[in-house]
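Spelled out from the first residue to the last, the chains are:
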Amino acid sequence: MSTTTDIPLIELNSGQRIPQLGFGTFQIEPSETAALVSHALSVGYRHIDTAQMYGNEAGVGAAIRESSIDRDEIFVTTKLNNSFHEPGAARAAFERSLMEMGLGYVDLFLIHWPLPTVPETDYLETWKTLEEFAADGRARSIGVSNFQVDHLERLDRAGTTTPAVNQIELHPRFLNREVDEYGKHNGIPTEAWSPLGQGELLDDPVVTGLADELDRTAAQVVLRWQLQRGNIVFPKSANEARIEENFDVFGFDLSDAQIGSLDALDRGADGRIGPHPDHFDMIPD
Ligand code: NAD
């Protein structure tokens, strides 16, 4: 079984170090969140990914506060909901996240979606507001999610802080190459969301074949592929045994040929599961 010290740490442009493997909480019921995050912490995870949109920040914060682990040994990320891009709303929403979690700071705060087609929002202005949270120390690092290359280039041209990460959809059926490669060449590590393709690719014969060959599970093979490609990942599961399984991914390696066989599952744009960031304009009530 892997332990916390097996997890590689990736240095961010803030100087902070993020554990490459974490625990994702999308679609985890608010009522179950504290218990599942506590379980993840007891297994050895030290990185938790949540969002205002998930409605479960309170449970994440409770588990962190109630654990016996020092706060500075846990890396917690949350994200600005789409309704709060306007600077005043973003300041209030960030404050609410800290209150909900009962924490004095978050390790990483992200713009969840760029919303380029929503006339009332401008992600560049939103980004400048996040810079305030980094400056006052309440967000140790700031980053973005679902940003396309042109969005990142616009931040760069404006001379703003380089995002500490870009959290994007990426799994063997959707390599999201252009965005991933832009980040890797410009000092913006990729966080791969839906690293297991939401579980859909786990019965692909290439994946199950490698799992048999390596005497590992399909999920472990895909997570190993993600880690060896340099991506930061936080698989989600509401099942304690799977939370443990997804953590136990440090005792083996994929060969270059095995990595290549998973790369070959890429379906390009057809492999995308989630919404396209250029068009996604969902504003929750
Ligand atoms: P995922 O790829 O982590 O897949 C989760 C699903 O895979 C589970 O619900 C379960 O059905 C299955 N699964 C998990 N472990 C398994 C195992 N060991 N064996 C068999 N099946 C298993 O999908 P996700 O939750 O969408 O993504 C992970 C995290 O990424 C989220 O929890 C969230 O934190 C983040 N995320 C971010 C965005 C964004 O827009 N920034 C979008 C989606 C997800």
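Please refer to the structure higher up on the page.
Presented here is a report on the structure given in the accompanying data block. (Residues numbered from 1 in each chain as written. Predicted model: local features only at pLDDT ≥ 70, side-chain atom pairs only at ≥ 80, totals over all residues. Heavy atoms only, no water.)

### Concerning the site of the ligand
Lining the immediate surroundings of the ligand are 26 residues, of which Asp49, Ser145, Ser194, Leu196 and Asn246 lie closest. Between tyrosine 54 and the ligand, the recorded distance is 3.4 Å, taken from a side-chain N or O atom to a nitrogen atom. Tryptophan 193 is positioned with one of its side-chain polar atoms (N or O) 3.4 Å from an oxygen atom of the ligand. Protein contacts shield 89% of the accessible area of the ligand, which totals 840 Å² for the unbound molecule. Among the elements that take part in the shell around the ligand, helix 9 (residues 240–247) stands out by supplying three residues, more than any other. The residue makeup of the shell around the ligand, split by class, is 10 nonpolar, 11 polar and five charged. (Near = heavy atom within 4 Å. Polar contact = N/O pair within 3.5 Å; in protein donor to acceptor, adjacent residues only side chain to side chain. Areas by Shrake-Rupley, 256 points an atom, 1.4 Å probe, with all protein chains shown as cover. Helix = DSSP H or I, 4+ residues; strand = E, 2+ residues; numbered from the N terminus. Nonpolar A, V, L, I, M, F, W, Y, C, P; charged D, E, K, R; others polar.)

### Considerations on the pattern of salt bridges
Applying the stated criterion across every chain yields a total of 13 salt bridges. A salt bridge links aspartate 204 to arginine 173, with the nearest nitrogen and oxygen atoms 3.1 Å apart. Placement of the pair is aspartate 204 in the loop between strand 9 (190–193) and helix 7 (205–214) and arginine 173 in the loop between strand 8 (166–169) and helix 6 (177–185), with a sequence separation of 31 residues. Comparing aspartate 204 with arginine 173 shows no difference in burial state: the two are buried. The salt bridge involving aspartate 180 is made with lysine 184; its shortest N-O contact spans 2.6 Å. Pair noted here: aspartate 180 and lysine 184 are both in helix 6, with a separation of four residues, about one helical turn. (Salt bridge = Lys/Arg side-chain N within 4 Å of Asp/Glu carboxyl O. Buried < 20%, exposed > 50% of the residue type's maximum accessible area, 1.4 Å probe, protein only.)

### Some remarks on the nonpolar core
By size, the foremost hydrophobic cluster in this structure holds 68 residues, and its most contacted members are Leu21, Phe23, Tyr45, Phe109 and Leu262. Sort the elements by how many residues they give to this core and helix 8 (residues 218–228) lands first, with seven residues. With residues up to four places along the chain from it excluded, the contact list for tyrosine 45 reads Leu21, Gly22, Phe23, Ala40, Ile243, Asn246 and Phe247. Listed in part, the 10 residues of the second largest apolar core include Ile10, Leu108, Ala164 and Phe234. (Core = buried A, V, L, I, M, F, W, Y, C linked by side-chain atoms within 4.5 Å. Contact = heavy atoms within 4.5 Å.)

### Quick notes on helix 10 (residues 256–263)
Side chains that are three or four residues apart share a direction in an α-helix, a result of its 3.6 residues per turn. For helix 10, the complete set of buried residues consists of Gln258, Ile259 and Leu262. When helix 10 is viewed along its axis, its buried side chains cluster within an angular range of 100° and face the same direction. Opposite the packed face of helix 10, turned more than 90 degrees from it, sit the exposed residues Asp256 and Ala257. Tucked inside the fold, the buried residues of helix 10 contact helix 7 and helix 8. (Arc of directions from axis to C-beta.)

### Some points on helix 1 (residues 30–43)
With 14 residues, helix 1 ought to run about 20 Å at 1.5 Å a step, and its terminal C-alpha atoms sit 20 Å apart, in line with that. Those residues of helix 1 that fall on the buried side of the exposure criterion are Thr33, Leu36, Val37, His39, Ala40, Leu41 and Val43. Contact partners of the buried residues in helix 1: strand 3 (23–24), strand 4 (47–49), helix 2 (57–66) and helix 9. Glycine 44, located one to two residues past helix 1, shows a positive phi value of around 130°. (Expected span 1.5 Å × (residues − 1).)

### Some points on the side chain of aspartate 49
With respect to the helices and strands, aspartate 49 occurs in strand 4. In this structure the side chain of aspartate 49 is engaged in a polar contact, spanning 3.1 Å, whose partner is the side chain of glutamine 167. Filtering out sequence-adjacent residues up to four positions away, aspartate 49 remains in contact with Phe23, Gly24, Thr25, Tyr54, Thr77, Lys79, Gln167, Glu191 and Phe234.

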